[in-house]
Amino acid sequence: MKKSSFVAMMLGTVSAVFFALGMCMALLPEWNAFKPGIVLGVIGIVLGLITLIVWRKMEHKAPIKLKGRVVGLTIYGILAALILGAGMCLCMVWGQFVIGTIVGLVGILMLLSFIPIIKGIK
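No experiment lies behind these values; they were computed from the predicted model shown.

Cut-off values and rules
- Residues numbered from 1 in each chain as written.
- Predicted model: local features only at pLDDT ≥ 70, side-chain atom pairs only at ≥ 80, totals over all residues.
- Heavy atoms only, no water.
- Helix = DSSP H or I, 4+ residues; strand = E, 2+ residues; numbered from the N terminus.
- Rg over C-alpha atoms; globule rule 2.2 N^0.38 Å.
- Buried < 20%, exposed > 50% of the residue type's maximum accessible area, 1.4 Å probe, protein only.
- Contact = heavy atoms within 4.5 Å.
- Polar contact = N/O pair within 3.5 Å; in protein donor to acceptor, adjacent residues only side chain to side chain.
- Phe/Tyr/Trp six-rings, centres within 6.5 Å; stacked < 30°, edge-to-face > 60°.
- Expected span 1.5 Å × (residues − 1).
- Arc of directions from axis to C-beta.

### Here we look at the overall build of the protein chain
- Counting secondary structure elements, the protein chain contains 5 helices and 0 strands.
- Ordering the α and β elements of the protein chain from the N terminus gives α-α-α-α-α.
- Its C-alpha radius of gyration of 18 Å places the protein chain more than 25% over the 14 Å reference for a compact globule of 122 residues.
- Considering the protein chain as a whole, with its 122 residues, one finds that 18% of them fall into the buried category.

### Structural notes on the environment of E59
- By secondary structure assignment, the location of E59 is in the loop between helix 2 (34-58) and helix 3 (68-92).
- Along the primary structure E59 and K3 are separated by 56 residues, whereas in three dimensions their C-alpha atoms are 9.6 Å apart.
- Residues within four places of E59 in sequence aside, it is in contact with K2 and S4.
- In this structure the side chain of E59 is engaged in a polar contact, spanning 2.3 Å, whose partner is the side chain of S4.

### Observations concerning the packing of aromatic side chains
- Summed over all chains, the structure comprises 1 aromatic pair.
- With centroids separated by 5.7 Å and ring planes inclined at 25 degrees, the aromatic side chains of Y76 and F114 adopt a geometry described as stacked. In this pair, Y76 sits in helix 3 while F114 sits in helix 5 (residues 114-119), placing the two residues 38 residues apart along the sequence.
- Y76 gets classed as partly exposed once you look at its relative accessible area, which sits at 23%.

### What to know about helix 2
- Taking 1.5 Å of rise per residue, the 25 residues of helix 2 would be expected to cover 36 Å, and the 36 Å separating its terminal C-alpha atoms lies within 8% of that figure.
- What helix 2 keeps buried is the set G37, L40, G41, G44 and T51.

### Focus: unusual backbone geometry
- At N32, a position not held by glycine, the phi torsion is positive, near 50 degrees.
- Structurally, N32 is set in the loop between helix 1 (3-27) and helix 2.
- Phi angles above zero are rare outside glycine, and H60 is one such case at about 55 degrees.
- Turning to its location among the elements, H60 is positioned in the loop between helix 2 and helix 3.

### Some words on helix 4 (residues 97-112)
- Taking 1.5 Å of rise per residue, 16 residues should cover 22 Å, and helix 4 covers 22 Å from first to last C-alpha, within 8% of that figure.
- Listed as buried for helix 4 are G100, G104, G107 and M110. One side of helix 4 carries all its buried residues, which in axial view fall inside an arc of 115 degrees. Exposed residues on helix 4 whose side chains face more than 90 degrees from its buried face are V98, I102, L109 and L112.

That is the geometry; function is a separate question.
Structure below.
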């Protein structure tokens, strides 16, 4: 294993743990830790971005340049994941199984169409 991959794996794991713990703290009312959870979640996101920067530097890759297409694809992916999550919430939390299944399937279809949108069909 290359040193850059090992460092990225370690930093990525730490950032994921911070983010996951923060989101659990923020979203589980039984824990009564909304504000500390948000802080830990943000720390996890920042560590994830630092991981990306450190790994790209260790691999001698150019910094990421933001283009309109990249931003649009990122927004599309986030929206698709949120729609899938909303469908799951409708089913599991609010008991709206028919509507939740339809919304979840729309989110899944959006996520499945994400690969052809990025790579194209040849």
